[in-house]
Each structure stands twice: as C-alpha cells, then as structure tokens.
Amino acid sequence: MSRHQTVKRHTPRSLAALDAPIVSLTAYTAPMARLLDAHCDLLLVGDSLGMVVYGMDSTLAVTPEMMIAHGQAVVRGSQQACVAVDMPFGSYQESPQQAFRVAAQIMAQTGAGCVKLEGGQEMAETIQFLVQRGIPVVGHIGLKPQAVHAHGGFRTVGRGDEAEQILADARAVQNAGAWAVVIESTMEPLSRKISEILHIPTIGIGASPACGGQVLVTEDMLGLFPDFTPRFVRKFADLGKEVEQAAAAYAQAVRSRSFPGPAECVGMPEKK
C-alpha cells in the first residue's frame, strides 16, 4: 500500500522563527506557483498583478474579487510555501471593521496564510483589530504603491524628514501585532536600521541586504519586462527574449507549413 508524503506548509509562525532569510516571490497563477513553491518560503499574491497581469498603470483599480481569484489559484498550485494575499486599495482604509470583512473573505475563500496591507501609524489600529480576531498580517512601509500619487510617483523614500516617519511607521506596525513587514524602495541605511531595531522579520524590496528576507516581482526577476527594470531588480534570467524567439520560430513553422508535422498529428497518411 503506497503512502502519500504530506508536505507541511509554512505558516507565519514558522517563517518568523526561521534562522535563514525568508525567500519570497510574487505569484499570480497556479502554474507559476508550482514552479516557485519548492524554492520559496512565502509566495505573495501582490496587487502588483494589476500592472503585471492586467496592464494597468497602477495597482489602484485592483479589486478584492481579483485578489481572491488569483489567491485561490496560487494556493491550489503550491504545497509548502505560505501564501500572503494583498488587500487592494479601498478595501481596508475606511475602518477596521471594513478591513476585517474583506480580510476574512480573502482568508476564507483562498486558504491563504495571511494578508498584507500598506500603511504605518495610520493603519496600526486596523492591524491590531485584524490580529486580535485571528488574521495574521504582513505590514508594508516605505514606498507604498497604493499611495503612489501622494508619494509623487514611484521613487526611493527615506531621505531627510521621511526617515523618522518611516521609522515610526515600522514601530507602529510591529506594536500593532504584524508578524512581518515589507520595506519597499527605502534608503539602505534606514532599512538596515529598521531591520536591526524590530524583532519581527523585515522583508526588503529595494531596501537592504540586512533585511530578514527579500521579495521581488517574479516577472521582473525573470526578465519578462525588457522595457523597464527597477534599479533594485536583479535579472536571474532573460525569458522575455526567449519567449520572443520561441514565438518567432513558431510563426515561421506555421507559415512554412512545417508545423504541425506527422509527430503532432493523429492518423496522418504517410507520404508515398
């Protein structure tokens, strides 16, 4: 009688206790989740899917329904990584009660291990409200894409007076009960200082190697967007070029009628 090996999925508690840096990448689909799962501790279903998958200019038009659909796909496609789902713009800022309703819906319908929301001191009450009701939360400070217009665009933050504000945000998120916090596009010395001060994991994206983990948008890391690459991204592959080459080869094969050939057809008569 065969025995199925059960893979234990990471939880926020197990990730917070890791001795090694937390490895995180974004995932929006089941096939990508399957490919990343064995290598990642945390898969983030980011609202960046609005830009990456749907071609939007920002994340602002992403809806809870979109996040739930993609969250379901990533949970189905993974076995061992903890899955975090972003709460989209407008789904939690109104009140802690609104945030709980949306977060509970996301958790119940996706099976994710936690939710992520942007904001520091202004979101501390909401984070505490969620955590007290059994919803693990990842915070997000520094550059907050949902506040891109308030930031004056996508830019590195943490210079001058901003530094004290971001440091206060980090402490507020931790004190509210978040199990981890993402630090995005923030000056390296400040990101390092925050990581040294906090006792919860910090997960950097354009932050510091001193963070307790790192996250990137998978499509950036794979080189699928050749037109623009953020400074903080390292391309570990150049799949965009390979996709173009494969598409060109396919088009040539179709136009020359060399595809499909006998190997791709059933019952094709042999040439005499």
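Under an unreviewed UniProt entry, the chain has the name 3-methyl-2-oxobutanoate hydroxymethyltransferase and belongs to Acetobacter ascendens. Its UniProt record gives the chain the following Subunit (unreviewed entry) comment, quoted word for word: "Homodecamer; pentamer of dimers."

Visitor: Can you break down the overall build of the chain residue by residue, with the values?
Guide: Check the secondary structure of the chain and you find 11 helices and eight strands. Along the first, second and third principal axes, the C-alpha atoms of the chain reach 80 × 50 × 35 Å. Per-residue burial for the chain yields a buried fraction of 50% across its 272 residues. Considering only contacts within the chain whose residues lie at least 6 apart along the sequence, 57% involve residues at least 24 apart. In the chain, the 23 positive side-chain charges and the 26 negative ones have mean positions that sit 6 Å from each other.

Visitor: Account for the pattern of salt bridges, with residues named and values stated.
Guide: Counting across every chain of the model gives four salt bridges. Put simply, Glu162 and Arg155 hold a salt bridge, and the shortest N to O gap is 2.6 Å. Residue classification places Glu162 among the partly exposed positions, given a relative accessible area of 25%. With relative accessibility at 32%, the residue Arg155 sits in the partly exposed group.

Visitor: An account of a nonpolar patch on the surface is needed here, citing residue identities and associated values.
Guide: On the surface, a cluster of nonpolar side chains totalling about 280 Å² of accessible area is made up of Tyr250, Val254 and Phe259. Tracing the backbone through its elements, the reader meets Phe259 in the segment after α11 (239-255).

Visitor: A description of the nonpolar core should follow, citing residues and the corresponding values.
Guide: By size, the foremost hydrophobic cluster in this structure holds 73 residues, and its most contacted members are Met87 and Ile194. Apart from residues no more than four positions distant in its own chain, Met87 is found in contact with Tyr92, Ala99, Val102, Ala103, Ile106, Val115, Lys116, Leu117, Leu130 and Gln146.

Visitor: Please set out the UniProt feature "binding site: 3-methyl-2-oxobutanoate" (unreviewed entry) in the chain residue by residue, giving values where relevant.
Guide: Mapped onto this numbering, the UniProt entry gives "binding site: 3-methyl-2-oxobutanoate" (unreviewed entry) at Asp47, Ser48, Asp86 and Lys116. In three dimensions, the annotated residues from a span of 70 residues occupy one location, with a maximal C-alpha spread of 12.4 Å. Residue placement: Asp47 occurs in the loop between β2 (42-45) and α3 (49-52). Once residues within four sequence positions are removed from consideration, Asp47 is found in contact with Thr59, Val62, Met67, Asp86, Pro88, Glu118 and Gln146. Tracing the chain through its elements places Lys116 in strand β4 (residues 114-116). The residues contacting Lys116, other than those within four sequence positions of it, are Leu44, Val85, Asp86, Met87, Val138, Gly139, His140 and Val182.

Visitor: I'd like a rundown of α11, residues and numbers included.
Guide: For α11, with 17 residues, the first-to-last C-alpha span of 24 Å sits near the 24 Å given by 1.5 Å per residue. By the burial criterion, the buried members of α11 are Gly240, Ala251 and Ala253. Around the axis of α11, the buried residues are gathered within 165° of arc, so they sit on the same side. Trailing α11 by a residue or two, Arg257 shows a phi angle of about 60°, which is positive.

Visitor: How would you summarise the packing of helix α5 (residues 96-110) against helix α6 (residues 124-132) if you had to cite specific residues and measurements?
Guide: Running from amino to carboxyl end, α5 crosses α6 at an angle of 45°, the nearest separation of the two axes being 9 Å. Taken together, the axis directions place α5 and α6 in an arrangement best described as oblique. Remark: the crossing between α5 and α6 carries right-handed chirality. Two secondary-structure elements touch here, α5 through Pro96, Gln97, Ala99, Phe100 and Ala103 and α6 through Glu125, Thr126, Phe129 and Leu130. Residues of the contact of α5 with α6, tallied by class, amount to six nonpolar, two polar and one charged.

Visitor: Could you give an account of the pairing of strand β3 (residues 82-86), naming the residues involved and the relevant values?
Guide: Where a strand is regular, its side chains alternate between the two sheet faces. Most of β3 is tucked away: five of the five residues are buried. Pairing analysis gives four bridges linking β2 to β3, with the strands arranged parallel. Each bridged residue has a counterpart across the sheet, and for Leu44 the counterpart in β3 is Ala84. Chirality of the crossover, the property in question, places the unit of β3, α5 and β4 among those that are right-handed.

Criteria and cut-off values
- Residues numbered from 1 in each chain as written.
- Predicted model: local features only at pLDDT ≥ 70, side-chain atom pairs only at ≥ 80, totals over all residues.
- Heavy atoms only, no water.
- UniProt positions renumbered as here; feature names shortened; annotations may be inferred.
- Helix = DSSP H or I, 4+ residues; strand = E, 2+ residues; numbered from the N terminus.
- Buried < 20%, exposed > 50% of the residue type's maximum accessible area, 1.4 Å probe, protein only.
- Contact = heavy atoms within 4.5 Å.
- Lys, Arg positive; Asp, Glu negative; His and termini not counted.
- Charge placed at Lys NZ, Arg CZ, Asp CG, Glu CD.
- Salt bridge = Lys/Arg side-chain N within 4 Å of Asp/Glu carboxyl O.
- Patch = residues over 30% accessible without salt bridge, like charges linked within 9 Å, V, L, I, M, F, W, Y side chains within 5 Å.
- Areas by Shrake-Rupley, 256 points an atom, 1.4 Å probe, with all protein chains shown as cover.
- Core = buried A, V, L, I, M, F, W, Y, C linked by side-chain atoms within 4.5 Å.
- Expected span 1.5 Å × (residues − 1).
- Arc of directions from axis to C-beta.
- Axes fitted to C-alpha atoms, helices over the stretch in contact; angles between N-to-C directions.
- Parallel < 35°, antiparallel > 145°, perpendicular 65-115°, else oblique.
- Left-handed = near helix turned anticlockwise from the far one by under 90°.
- Nonpolar A, V, L, I, M, F, W, Y, C, P; charged D, E, K, R; others polar.
- Pairing = 2+ DSSP bridges.
- Right-handed = clockwise from strand over helix to strand, strands pointing away.

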